[in-house]
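Notes for the structure review
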Amino acid sequence: MSPRKKFNRSMKTREEKTLEKLVLGEAEDVIANLDKTKLKIKKTDTVKKKASANVQKKRKPVWTDNADLDETEILVPTRNARGMLSYVKTKTTYEKYSKELKDKFVYVHGTASWADLRKKDDDSDEILKRVGNFIVKTDDLTKGTIDISICKNLASNLDQSGSVTSLEFHPNAQVVMVANSKRNIFLRQVDGTKNLIIQKVLINDFPISCARFTTDGDQFIVSSYRYQHFYTYDMISGKMDKVQCDRKLSKFNLEKFHLSPDGRLMVISGKDGYIHVLSAKTKEFLYSNKMNSTVRGVAFSPDATRMYTHSDEGEVYIWDVRQKECLHKFYDEGCIHGTAIALARSEQYLATGSDTGVVNIYDTSSLLSSPTPSPLKIFLNLTTAITDLKFNSSSEILAMASAEKPAAFRLVRLTCFTTDRSIHFPSSVH
């Protein structure tokens with residue numbers, strides 16, 4: 001009798017293996033099914049999280065009015081069978097009535113973007129979340145009073161026996177030059193509080209009438225109405241030089257002189273309407289132009305290509321500096337004797353002053369087209385001869401002054417052509 005074979009569970013027939021594969025599948029299929037199950041679970045969790053987030057995003061009202069829940073009579077518009085509009089009293093709460101109106105608006109017009117509470121905050125909402133100034137100050141002048149603050153007097157601690165005849169700021173440094181009629185020139189550091197004197201220059205027997213810095217700021221030039229010579233002072237070396245004017249020139253007046261913005265030319269007025277042009281570097285005579293009467297004021301364009309001169313008879317000449325010829329001339333309206341002239345840095349406005357205190361402002365674009373142009377604005381605030389006219393750097397303010405009367409000073413806003421009555425500088429201030 002043959003020995004019985006032991007049963008081994010690992011040994012399976014082909015039929016059994018086929019049956020297990022059909023019912024349970026292979027091992028790889030089981031792992032794939034497990035991965036699919038995990039993916040379904042993840043998707044379900046994501047949907048639940050989004051649903052909970054939407055619930056959280058729903059905004060709650062800050063407060064509720066209990067009166068909205070009370071019933072009250074409201075006139076509701078309705079239309080009858082003929083289409084005629086009528087109002088019917090009905091009892092409802094304000095909350096229900098508000099919801100009905102909202103649903104009707106959404107049905108007709110759709111949801112307004114500004115009313116969508118689910119939208120993200122835009123830039124306007126971000127602005128409201130911050131504190132501070134919403135309005136930023138601009139440099140442009142507005143109509144009203146100009147705010148000023150009084151600093152330490154630049155003429156303090158000077159020789160009180162002489163009046164101030166010239167004052168000018170250095171083009172590159174915080175330094176101001178103050179000259180008086182008693183031969184003294186003071187250089188002061190400008191800080192608004194102390195204004196310390198850093199240098200004093202004395203010119204013997206030379207009553208100063210005009211003093212100006214050169215364009216580069218390395219020198220200043222001093223002249224006097226009494227003499228036919230002037231002085232230059234080198235601020236680096238501290239050397240003073242005397243310059244005698246060319247004897248070929250006709251009699252001239254050094255009460256005032258003018259320097260071109262590019263630093264090349266120096267202009268002085270001569271007898272019988274002559275305008276003498278010198279080199280600002282070498283102080284040599286270059287050429288002369290002639291007007292019909294004595295020169296009372298000179299102004300240059302910012303690029304120094306044009307020169308404007310005002311005469312004693314009220315005529316204004318426009319010169320081409322490169323061609324050394326007159327381009328045009330016109331009569332200053334209402335002017336009997338001209339005394340001052342100034343050109344805005346923007347070249348938009350030209351201001352002229354007369355001996356009666358009248359100041360005219362012209363639009364430069366219309367000057368070359370007429371021998372009698374009309375001014376944009378005429379100012380009659382001052383009653384004595386205008387001695388100084390000056391535009392500020394932005395061409396928004398014009399300062400006009402007369403040295404013949406105390407406190408004769410006004411500021412003009414060119415944006416609206418009005419004078420600031422607050423800027424009168426009473427005697428207690430000046």
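Before reading on, note that the structure itself is shown above.
This section reports on the structure supplied with the text. What you are looking at is a predicted structure, and each value in this text was computed from that prediction instead of being measured.

Spatial strand order, 3-4-5-6: 4 strands in an open sheet with antiparallel pairing. Strands at the two margins of the open sheet, each flanked by one partner only, are strand 3 (164-169) and strand 6 (197-202). The mean inter-strand angle of the sheet, taken between neighbouring strand axes irrespective of direction, is 15 degrees. Pairing geometry for strand 4 (residues 175-180) and strand 5 (residues 184-189), over 5 bridges, is antiparallel. Following the sheet pairing, V175 is matched in strand 5 by Q189.

Okay, the pairing of strand 25 (residues 409-413) next. Judged by how many residues are buried, strand 25 sits mostly within the fold: 4 of 5 residues are covered. When strand 24 (residues 397-401) meets strand 25, the two strands line up antiparallel, connected through 5 bridges. In the strand pairing of strand 25, M400 is matched with R410. In textbook terms, the turn of a hairpin is the stretch between consecutive antiparallel strands, and for strand 25 and strand 26 (residues 418-419) this stretch comprises 4 residues, one of which, F417, has a positive phi near 55 degrees.

Scanning all chains against the criterion turns up 7 aromatic pairs. Ring centres of F206 and Y231 lie 4.9 Å apart, and the angle between their planes is 85 degrees; this geometry places the pair in the edge-to-face category. Remark: Y231 occurs in strand 9 (residues 229-234) and F206 occurs in the loop between strand 6 and strand 7 (210-213); sequence separation between them is 25 residues. Of the residues examined, Y231 reaches a relative accessible area of 16% and is grouped as buried.

Attention shifts here to the environment of S260. As for its placement among the helices and strands, S260 is situated in the loop between strand 11 (252-259) and strand 12 (265-270). Among residues more than four places away in sequence, those in contact with S260 are T215, L265, F300 and A304.

Moving on, we get to the nonpolar core. Judged by nonpolar contacts, the single largest core of 17 residues is most densely connected at I361, L389, F391 and L398. Contributions of two or more residues to this core are made by strand 19 (338-343), strand 20 (349-354), strand 21 (359-363), strand 23 (388-391) and strand 24. In this structure F391 touches A342, L343, A344, Y349, A351, I397, L398 and L414, once residues within four positions along its chain are discounted. Core analysis: the second largest hydrophobic core is formed by 15 residues, V201, I203, F206 and F213 among them.

Within the secondary structure, H328 sits in strand 18 (residues 325-331). Residue classification places H328 among the buried positions, given a relative accessible area of 15%. For H328, the side chain forms a polar contact with the main-chain oxygen of L367, separated by 3.0 Å. Aside from chain neighbours lying at most four places away, what touches H328 is V316, Y317, I318, L367, L368, S370 and P371.

Here we come to a nonpolar patch on the surface. Residues V164, L167 and F169 make up a contiguous nonpolar surface patch of about 280 Å² in total accessible area. With respect to the element layout, V164 can be found in strand 3. Judged by its relative accessible area of 43%, V164 falls in the partly exposed class.

Right, let's get into the pattern of salt bridges. The full count for this structure, using the stated rule, is 5 salt bridges. For K281, the salt bridge goes to D216, with nearest N and O atoms at 3.8 Å. Of the two residues, K281 is situated in the loop between strand 13 (274-279) and strand 14 (285-290) and D216 in the loop between strand 7 and strand 8 (219-223); the sequence distance between them amounts to 65 residues. Look at K281 and you get exposed, because its relative accessible area is 60%. With a relative accessible area of 35%, D216 lands in the partly exposed category. Residue D312 pairs with R296 through a salt bridge whose shortest N-O separation is 3.4 Å. Of the two residues, D312 is situated in the loop between strand 16 (306-311) and strand 17 (315-320) and R296 in strand 15 (residues 295-300); the sequence distance between them amounts to 16 residues.

Time to look at the side chain of T384. Position of T384 relative to the elements: it lies in the loop between strand 22 (377-379) and strand 23. Among the polar contacts made by the side chain of T384, one reaches the side chain of S402 at a distance of 2.6 Å. Not counting residues within four places of it along the chain, the set of residues in contact with T384 comprises D355, T356, G357, S402, E404 and K405.

How each quantity is defined
- Residues numbered from 1 in each chain as written.
- Predicted model: local features only at pLDDT ≥ 70, side-chain atom pairs only at ≥ 80, totals over all residues.
- Heavy atoms only, no water.
- Pairing = 2+ DSSP bridges.
- Helix = DSSP H or I, 4+ residues; strand = E, 2+ residues; numbered from the N terminus.
- Axes fitted to C-alpha atoms, helices over the stretch in contact; angles between N-to-C directions.
- Buried < 20%, exposed > 50% of the residue type's maximum accessible area, 1.4 Å probe, protein only.
- Phe/Tyr/Trp six-rings, centres within 6.5 Å; stacked < 30°, edge-to-face > 60°.
- Contact = heavy atoms within 4.5 Å.
- Core = buried A, V, L, I, M, F, W, Y, C linked by side-chain atoms within 4.5 Å.
- Polar contact = N/O pair within 3.5 Å; in protein donor to acceptor, adjacent residues only side chain to side chain.
- Patch = residues over 30% accessible without salt bridge, like charges linked within 9 Å, V, L, I, M, F, W, Y side chains within 5 Å.
- Areas by Shrake-Rupley, 256 points an atom, 1.4 Å probe, with all protein chains shown as cover.
- Salt bridge = Lys/Arg side-chain N within 4 Å of Asp/Glu carboxyl O.

So, to be careful, I would describe these as geometric facts and stop short of saying anything about function.
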